[in-house]
Amino acid sequence: MTAPKKLFIKTYGCQMNVYDSERMTEALSGQGYVATDSQDDADMILLNTCHIREKAAEKVYSELGRFKGLKAEKPDLKIGVAGCVAQAEGEEIMRRQPMVDLVVGPQSYHRLPELEARTRAGEKALDTDFPAEDKFEVLRKRPKAARGPTAFLTVQEGCDKFCAFCVVPYTRGAEVSRPVDRILTEARDLVERGVREITLLGQNVNAYHGAGPDGDMTLAQLIWELDGIDGLERIRFTTSHPNDMTDDLIAAHGSCAKLMPYLHLPVQSGSDRILKRMNRSHSADSYLRLIERIRAARPDILLSGDFIVGFPEETEQDFQATMDLIEAVHYGQAYSFKYSPRPGTPAAERPQVAEDVASDRLQRLQALITRQQRAVQDAMVGRHAHVLFERAGRFDDQMVGKSEYLHAVHVTDADVRAGDLCRVLITGSGANSLAGRVIRAG
Ligand code: 5AD
Ligand code: SF4
């Protein structure tokens, strides 16, 4: 028997990439690969890249440059680039870094075994097509490893919204939803392997409209189907667009016990002038009214968001409108970014806000979000939470899990294992996590 080859995947960016990296590992297991945590003993290194941040492609090129020595020592080492930078840059990657053997876009991961074989034959392998076949179906048929208690499941990919700052519609392509039966099969399979919580993934997940037995289903209908799976205890979904928060999805937050009270609903800005320029097709006010309806359905829901500061032509007044919106919503968590021009997107051509102005705004915004996040966390102290334990913590006898609100919660000296769902009394609130004491298992 030949020794297994080692695969090292470095994953950047969103949960979609984390999910894709797992699928790539499974796809290559048929070629005799096992995953390794160390790039030094790898036979293949794959960078699963993200294109959403500033200078993403340049960072990938400099990261690749660092593999030169390794490749000189091990000529058989194969180096590949996957993900959105691979899609955006394509052949250019091999031109600029000739030691790269393989470039594969997010829609072609099911073709990895074939592409890997070509690299072993000494060829360069490039695939950045948007093929017609269903990559998830091809990938699903491959062997699978045992699972922890939580898993991601991609239900939708791509986006048709074309926000003026965003590369996703170009790198991930048009919005495509997977059929309901395939998602249910994958979910049942995950549950059989020990998964108790599934997070449904999509760049624009609430635009989901996959084929069901009697026509297309909405995300809410899909969630109700998943609700019927015994052993699946928790359902989450991310990331949503305000314009696709349909009535049935809002209602599900009030009535589906398995749907967790957490919603990531990016607004990006609180200024209508900027929202218009961003091509967001919602206003600050329509967003606030939407939040009111969601809270009416599920009063304790924890809200999370994404914000961009320093978008072209953003004035101090526009920024203040964003701060006012944040004050009005009171977020439990949020991500915030300085605008960074992405070549090929409309906003990249417009007059840019000075770097120091954007940095200053980002700092003020993050300070406000941190205050809100801490207030929401502190308010948990003395209350009960349901925690799904996921893994051992950094300290002896410590276990860490997530509450229904997605807060990290740690307990010590409790007789709990990964996969246990327990009622926990929250006893303390730290910078990024809560401390608790297990009251009751199950
Ligand atoms: N500059 C800064 N932030 C961006 N995002 C997307 N594109 C850009 C960009 N060009 C942010 C948005 C989005 C999140 C995933 O990343 O807030 O919701
Ligand atoms: Fe990008 Fe999200 Fe806008 Fe789609 S909705 S273009 S993924 S920011």
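Provided above is the structure to which this section pertains.
Anyway, here's the lowdown on the structure attached to this text. (Residues numbered from 1 in each chain as written. Chains lettered and ligands numbered in written order. Predicted model: local features only at pLDDT ≥ 70, side-chain atom pairs only at ≥ 80, totals over all residues. Heavy atoms only, no water.)

### Examining the overall build of the protein chain
- In terms of regular secondary structure, the protein chain is built from 15 helices and 21 strands.
- On C-alpha atoms alone, the protein chain measures out to a radius of gyration of 22 Å, which is about the 22 Å that the 2.2 N^0.38 rule sets for 442 residues.
- The principal-axis extents of the C-alpha atoms in the protein chain amount to approximately 60 × 55 × 50 Å.
- Going through the 442 residues of the protein chain one by one, you find that 53% of them count as buried.
- For the protein chain, the share of sequence-separated contacts (at least 6 apart) that also reach a separation of at least 24 residues comes to 71%.
- Carbon and sulfur atoms make up 50% of the accessible area of the protein chain, which totals about 19100 Å².
- The positive charge centre, built from 57 side chains, and the negative charge centre, built from 64, are 2 Å apart in the protein chain. (Helix = DSSP H or I, 4+ residues; strand = E, 2+ residues; numbered from the N terminus. Rg over C-alpha atoms; globule rule 2.2 N^0.38 Å. Buried < 20%, exposed > 50% of the residue type's maximum accessible area, 1.4 Å probe, protein only. Contact = heavy atoms within 4.5 Å. Areas by Shrake-Rupley, 256 points an atom, 1.4 Å probe, with all protein chains shown as cover. Lys, Arg positive; Asp, Glu negative; His and termini not counted. Charge placed at Lys NZ, Arg CZ, Asp CG, Glu CD.)

### Digging into the nonpolar core
- In terms of nonpolar packing, the biggest core is built from 53 residues, with Leu200 and Tyr331 touching the most fellow members.
- Here this core takes 6 residues from helix α9 (residues 180-192), the largest share from any one element.
- Looking at which domains feed residues into this core, each of domain 2 (146-260) and domain 3 (293-379) supplies at least three.
- If we skip the residues at most four places from it in the chain, Leu200 touches Leu153, Val155, Val205, Leu219, Leu222, Ile223, Leu226, Ile235, Arg236, Phe237 and Thr238.
- Among the nonpolar cores identified, the runner-up in size contains 21 residues, and Leu70, Val81, Ala86 and Ile93 belong to it. (Core = buried A, V, L, I, M, F, W, Y, C linked by side-chain atoms within 4.5 Å. Domains from an automatic or database assignment.)

### Topic: the site of ligand 1
- Near ligand 1 the following residues occur: Ile52, Arg53, Phe165, Gln268, Asp306, Ile308, Phe337, Lys338, Tyr339, Ser340 and Arg342.
- Separating an oxygen atom of ligand 1 from a side-chain N or O atom of Asp306 is a distance of 2.6 Å.
- For ligand 1, a nitrogen atom lies 2.8 Å from a polar atom in the backbone of Ser340.
- Out of a free accessible area of 410 Å², ligand 1 has 87% covered by protein chains.
- Of all elements in the fold, only β15 (302-309) and β16 (333-338) reach the threshold of two or more residues within the shell around ligand 1. (Near = heavy atom within 4 Å. Polar contact = N/O pair within 3.5 Å; in protein donor to acceptor, adjacent residues only side chain to side chain.)

### Notes on the pairing of strand β19 (residues 408-412)
- Here strand β18 (residues 398-402) runs beside β19; their pairing, made up of 5 bridges, is antiparallel. Bridge assignment links Lys402 to a residue of β19, and that residue is Ala408.
- Hairpin connection from β18 to β19: 5 residues lie between these consecutive antiparallel strands, with Leu406 at a positive phi of about 70°. (Pairing = 2+ DSSP bridges.)

### Looking at the pattern of salt bridges
- Counting across every chain of the model gives 30 salt bridges.
- Between Lys5 and Glu116 there is a salt bridge, with the nearest N and O atoms lying 3.6 Å from each other. With a gap of 111 residues between them, Lys5 in strand β1 (residues 5-11) and Glu116 in helix α6 (residues 112-120) connect regions that are remote in the sequence.
- Residue Lys5 is classed as partly exposed on the basis of its relative accessible area of 23%.
- Put simply, Arg364 and Glu316 hold a salt bridge, and the shortest N to O gap is 2.5 Å. Of this pair, Arg364 sits in helix α15 (residues 355-378) while Glu316 is found in helix α14 (residues 316-329), placing the two residues 48 residues apart along the sequence.
- Overall, Glu316 belongs to the partly exposed group, its relative accessible area being 35%. (Salt bridge = Lys/Arg side-chain N within 4 Å of Asp/Glu carboxyl O.)

### Some thoughts on the packing of α9 against helix α10 (residues 219-227)
- Relative to each other, α9 and α10 sit at 35°, their axes nearing to 11 Å. In terms of crossing hand, the pair formed by α9 and α10 is right-handed. Residues Val180, Ile183, Leu184 and Ala187 of α9 form the contact with α10, whose participating residues are Leu222, Glu225 and Leu226. (Axes fitted to C-alpha atoms, helices over the stretch in contact; angles between N-to-C directions. Left-handed = near helix turned anticlockwise from the far one by under 90°.)

### Comments concerning the site of ligand 2
- Taken together, the residues surrounding ligand 2 are Cys159, Lys161, Phe162, Cys163, Phe165, Cys166, Val168, Pro169, His241 and Arg280.
- A per-class count over the shell around ligand 2 returns 7 nonpolar, 1 polar and 2 charged. (Nonpolar A, V, L, I, M, F, W, Y, C, P; charged D, E, K, R; others polar.)

### A short note on the packing of aromatic side chains
- Inspection of the entire model under this criterion finds 4 aromatic pairs.
- With centroids separated by 6.3 Å and ring planes inclined at 85°, the aromatic side chains of Phe165 and Phe311 adopt a geometry described as edge-to-face. In this pair, Phe165 sits in the loop between β8 (156-157) and α8 (168-171) while Phe311 sits in the loop between β15 and α14, placing the two residues 146 residues apart along the sequence. Each member of the pair Phe165 and Phe311 is classed as buried.
- When the ring of Phe307 is compared with that of Tyr331, the centres are 5.4 Å apart and the planes differ by 90°; the resulting orientation is edge-to-face. Separated by 24 residues along the polypeptide, Phe307 in strand β15 and Tyr331 in the loop between α14 and β16 bring together distant segments of the chain. Of the two residues, Phe307 and Tyr331, neither departs from the other in class, the shared state being buried.
- Site record: aromatic cluster; members linked through ring pairs are Phe165, Phe311 and Tyr339.
- The ring of Tyr61 has Arg96 lying over it, and the distance from NZ or CZ to the ring centre is 3.9 Å. (Phe/Tyr/Trp six-rings, centres within 6.5 Å; stacked < 30°, edge-to-face > 60°. Lys NZ or Arg CZ within 6 Å of the ring centre and 35° of its normal.)

### Structural notes on the sheet that holds β15
- One open sheet accounts for 3 strands, arranged β14-β15-β16; its pairing is parallel. Edge positions in the sheet fall to β14 (262-264) and β16, since each of these pairs with one other strand and no more. Strand-to-strand, the axes of this sheet are offset by a mean angle of 10°, without reference to chain direction.
- Sheet analysis places β14 next to β15, joined by 3 bridges and oriented parallel. Looking at the pairing, Tyr262 lines up with Leu302 of β15.

### Some points on the sheet that holds strand β7 (residues 150-154)
- As summarised here, the arrangement of the 3 strands in space is β7-β10-β13, forming an open sheet in which the pairing is parallel. Strand pairing shows two members of the sheet lacking a second neighbour, β7 and β13 (234-238), which therefore form its edges. When the angles between neighbouring strand axes are averaged without regard to direction, this sheet yields 25°.
- Bridge analysis of β7 against strand β10 (residues 197-201) gives 5 bridges, and the strand direction is parallel. Across the sheet, the residue bridging to Ala151 is Ile198, located in β10.
- Along the sheet, helix α1 (residues 15-29) contacts β7, β10 and β13; its crossing angle with β7, the most-contacted strand, is approximately 95°.
- Across the sheet, α9 touches β7 and β10, and the angle it forms with β7 is around 165°.

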